[in-house]
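Here is what each chain is made of, one letter per residue.
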Amino acid sequence: MRVTLFDYGAGNLHSLAKALATVPGAEVRVQEDPVRSLDTDVLVLPGVGAFGAAVARLEPGREAMRAALEQGLPCLGICLGMQLLFEGSDEGEGAGLGYFAGRVTRLAAKRVPEIGWNQVEDERTLAGARLDTVYYAHSLACRAADASVVTGWTTHEADRFPAAVRRGRVVGVQFHPEKSSTAGVRFVQAFLREVAP
Amino acid sequence: MLTRRLVVCLDVKGGRVVKGVQFEGLRDVGDPVELARRYEAEGADELTFLDISASAEERDTLWELVRRTAEQLFIPLAVGGGVRTVDDVGRALRAGADKVSINSAAVANPALLTACAERFGAQCVVASIDAKRDGERWRVYTHGGRKPTDLDAVVWARECVARGAGEVLLTSIDRDGARTGYDLALTRAVSEAVDVPVIASGGAGSAAHVRDAFQEGGADAALVAGILHDGLTTVGAIKAVLREGGLHIRSVA
């Protein structure tokens, strides 16, 4: 199974690549070209950076990537990678993939960025890995227009935001599974086993 | 609701974990990757490498060490010590660090915090502040606690955050290594002054001290080093005390 990390200059991909590679048969590669990143069995949008810079890198392949996701290419978007699946963001100019309806807006809280471990409530993203406490490092959250795509919620101060979204074979998570210890690694493994085969 | 975090700090030099023995020398205490994995398994919420390398040659081994660790560690990893430029921060992040703490270089050039936050995001910029009690206030020191500055720790913490720091690592020089408990008044003063997480550091001698840093100091996270490395207590034992104290913490499944 070819698993491709689209590298839009996000930097640290080591832990994520290693977490994905723990699944037998997963062949993990990193691709900087958005169009070529679609020549894969599974696409992963990793999670560090700024929205504006990331969509600029994504732009040449945006339509092709959106079409591929609509046609069933399994995809896991993490943190900023999840935000790229939405229409746009308060953080920067440019259009996201628009696979999920809704915008990305700043957390409505006193303590921003939210940094640390927080609970996921009403979680039902994957059958093989239930989430409890996971690691967050973010200032913005995805306001899904259709609440039925939200498969888990987290509350920071008074702001309840989507921890995870899923439609078809595309999953987005606001937390960092690759930094959420054993439970997070299990989540990544379950994604590859359940959504991607 | 965010849990309170227990951060384990390892001193590294030349790619190894070291420990000072009565200021007279450094003892090699093990392989960083192995120790990092062990602390993750025990329930540490985060790990920090404090690089105490004296030479550029020794420092170069840090990035390779960070890379090897990040490939096997699935909790956040912070790196501090000797970070001077935006490029240093970029190098640390590319190697696999999630956060970088900046201390003396931020005092010398506060704009560095802003430059790093703009380029890499506030979530990876940690302002590291070493403070020492001076009458009713706390004075900021740099260069490993050797050089006094004119800065007041609370005021400086506020400025660091205004300039882009996403967290504050607050070390009490008076308590560092003393094992008499964190400086709770200092921790509380800074926690109340800023809207980003404050990591209390310096002085942990027991699990109860960690609990006090949270309950009385208002810290979001507490840094622990010596008492774990010396086997005086364990991550699990500290977390048990925190849980009994009614604190919200992460349990290890």
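Residues numbered from 1 in each chain as written. Chains lettered and ligands numbered in written order. Predicted model: local features only at pLDDT ≥ 70, side-chain atom pairs only at ≥ 80, totals over all residues. Heavy atoms only, no water.

> What should I look at first to understand the interface of chain B and chain A in this one?
One frequently used descriptor of interface size is the decrease in accessible area upon assembly of the parts. The interface of chain B with chain A comprises 33 residues on the first partner and 27 residues on the second. In total, about 2500 Å² of surface goes out of reach between chain B and chain A, with carbon and sulfur atoms giving 55% of it. The largest per-residue losses of area from chain B upon contact with chain A belong to Leu2, Phe74 and Asp195 of chain B, which jointly make up 27% of the total buried on that side. Between chain B and chain A we count 3 salt bridges in total. Here Lys110 of chain A and Asp195 of chain B are joined by a salt bridge, their closest N and O atoms 3.1 Å apart. On the surface where chain B and chain A come into contact, there are 16 residue pairs in polar contact (both at pLDDT 80 or more). Looking at the side of chain B that touches chain A, the elements that each hand over two or more residues are helix H2 (56–70) and helix H3 (86–95) of chain B. Broken down by element, the side of chain B that touches chain A gets its largest block of residues, 3 residues, from H3 of chain B. Of the residues in the side of chain B that touches chain A, the class split is 14 nonpolar, 6 polar and 13 charged. (Contact = heavy atoms within 4.5 Å. Buried area = accessible area lost by both parts, 1.4 Å probe. Salt bridge = Lys/Arg side-chain N within 4 Å of Asp/Glu carboxyl O. Polar contact = N/O pair within 3.5 Å; in protein donor to acceptor, adjacent residues only side chain to side chain. Helix = DSSP H or I, 4+ residues; strand = E, 2+ residues; numbered from the N terminus. Nonpolar A, V, L, I, M, F, W, Y, C, P; charged D, E, K, R; others polar.)

> Explain the packing of H2 of chain B against H3 of chain B here, please?
Residue and element names in this part refer to chain B. In contact at an axis separation of 8 Å, H2 and H3 are set at 35 degrees when each is read in the N-to-C sense. Each of Trp63, Val66, Arg67 and Ala70 in H2 lies in contact with H3, whose residues at this interface are Asp88, Arg91, Ala92 and Ala95. Of the residues contributing to the contact of H2 with H3, the split by class is 5 nonpolar, no polar and 3 charged. (Axes fitted to C-alpha atoms, helices over the stretch in contact; angles between N-to-C directions.)

> Help me out: how do you make sense of a nonpolar patch on the surface in this one?
On the surface, Leu26, Leu50 and Ile52 of chain B cluster together into a nonpolar patch covering about 220 Å² of accessible area. With respect to the element layout, Ile52 of chain B can be found in the loop between strand S4 (46–51) and H2. (Patch = residues over 30% accessible without salt bridge, like charges linked within 9 Å, V, L, I, M, F, W, Y side chains within 5 Å. Areas by Shrake-Rupley, 256 points an atom, 1.4 Å probe, with all protein chains shown as cover.)

> Please explain the packing of helix H1 (residues 32–42) of chain B against H2 of chain B as it appears in this structure.
Geometrically, a packed helix pair is captured by the angle between its two axes and the distance between the axes. Residue and element names in this part refer to chain B. For the pair H1 and H2, the least separation of the axes is 9 Å and the interaxial angle reads 40 degrees. Relative to H2, the element H1 lies oblique. Between H1 and H2 the crossing geometry is right-handed. Contact with H1, carried on its side by Pro32, Val33 and Ala36, involves Leu65, Arg68 and Thr69 of H2 and no other residues of that element. Along the lines of polarity and charge, the residues of the contact of H1 with H2 split into 4 nonpolar, 1 polar and 1 charged. (Parallel < 35°, antiparallel > 145°, perpendicular 65-115°, else oblique. Left-handed = near helix turned anticlockwise from the far one by under 90°.)

> Help me understand the sheet that holds strand S3 (residues 42–45) of chain A, please; the structure alone is not making it clear to me.
Think of a sheet as strands paired side by side through backbone hydrogen bonds, with each pair either parallel or antiparallel. Residue and element names in this part refer to chain A. Judged by pairing direction, the sheet is mixed, and its 7 strands sit side by side in the order S2-S1-S3-S4-S12-S11-S10 without closing on themselves. Of all the strands in the sheet, the pair left with one neighbour each is strand S2 (27–31) and strand S10 (150–156). Pairwise comparison of adjacent strand axes, ignoring direction, gives a mean angle of 20 degrees for this sheet. Pairing geometry for strand S1 (residues 2–6) and S2, over 5 bridges, is parallel. Bridge assignment links Thr4 to a residue of S2, and that residue is Arg29. (Pairing = 2+ DSSP bridges.)

> Explanation requested: the sheet that holds strand S6 (residues 102–106) of chain A in the structure shown.
Judged by pairing direction, the sheet is mixed, and its 3 strands sit side by side in the order S5-S6-S9 (chain A) without closing on themselves. Of all strands in the sheet, those bounded by a partner on one side alone are strand S5 (88–89) and strand S9 (140–144) of chain A.

> Is there a simple way to think about the environment of Gly231 of chain B in this case?
All names here are of chain B. Within the secondary structure, Gly231 is located in the loop between helix H9 (226–229) and helix H10 (235–244). Owing to a relative accessible area of 56%, Gly231 belongs among the exposed residues under this scheme. Spatially, the C-alpha atoms of Gly231 and Ile102 are 29 Å apart, while their sequence positions differ by 129 residues. (Buried < 20%, exposed > 50% of the residue type's maximum accessible area, 1.4 Å probe, protein only.)

> Looking at this structure, I do not really get the pattern of salt bridges. What am I missing?
Oppositely charged side chains are able to pair whenever their charged atoms sit close together. Enumeration according to the criterion identifies 30 salt bridges over all chains in this entry. We note a salt bridge from Glu123 of chain A to Arg130 of chain A, for which the minimum N-O separation is 3.2 Å. For Glu123 of chain A, a relative accessible area of 11% corresponds to the buried category. One network of salt bridges, with partners in common, ties together Arg5, Glu46, Lys99 and Glu167 of chain B.

> Would you explain helix H5 (residues 111–120) of chain B in this entry?
All names here are of chain B. Within H5, burial applies to Leu112, Leu113, Cys116, Ala117 and Phe120. Down the axis of H5, the smallest arc covering the buried residues is 130 degrees, so these residues share one side. Along H5, the residues that are exposed and aim more than 90 degrees away from the buried face are Glu118 and Arg119. Within two residues after H5, Gly121 carries a phi angle of roughly 100 degrees, on the positive side. (Arc of directions from axis to C-beta.)

> Even after reading the chapter, I still don't get the packing of aromatic side chains, so can you show me in this structure?
Both the distance between ring centres and the angle between the ring planes are used here to describe each pair of aromatic rings. Taken as a whole, this structure holds 7 aromatic pairs over all chains when the rule is applied. On the numbers, 5.8 Å between centres and 70 degrees between planes, the contact of Phe175 of chain A with Phe187 of chain A is edge-to-face. Taken together, the residues span a long stretch of sequence, with Phe175 of chain A in the loop between strand S12 (170–173) and helix H5 (181–194) and Phe187 of chain A in helix H5 at a distance of 12 residues. Taken individually, Phe175 of chain A and Phe187 of chain A each receive the classification buried, so the pair is uniform in this respect. The aromatic ring of Tyr99 of chain A is capped on one face by Arg167 of chain A, whose charged end is 3.9 Å from the ring centroid. Its end group placed over the ring of Tyr141 of chain B, Lys132 of chain B keeps NZ or CZ at 5.9 Å from the ring centre. (Phe/Tyr/Trp six-rings, centres within 6.5 Å; stacked < 30°, edge-to-face > 60°. Lys NZ or Arg CZ within 6 Å of the ring centre and 35° of its normal.)

> Before we go on, may I ask you to explain the pairing of strand S10 (residues 167–172) of chain B in this structure?
All names here are of chain B. Of all 6 residues in S10, 6 are buried, a share of seventy percent or more. Neither face of S10 is left uncovered, since the one carrying Glu167, Leu169 and Thr171 and the one carrying Val168, Leu170 and Ser172 both have all their residues buried. Summarising the sheet, strand S7 (residues 125–134) and S10 pair through 6 bridges and their orientation is parallel. If you follow Asp130 over to S10, its bridge partner there is Thr171. Inspection of the sheet shows S10 paired to strand S11 (residues 198–201) by 4 bridges, in the parallel sense. Looking at the pairing, Thr171 lines up with Ser201 of S11. This β-α-β element, S10 to helix H7 (residues 184–193) to S11, shows right-handed connectivity. (Right-handed = clockwise from strand over helix to strand, strands pointing away.)

In short, the description is geometric, and any link to function would need to be established separately.
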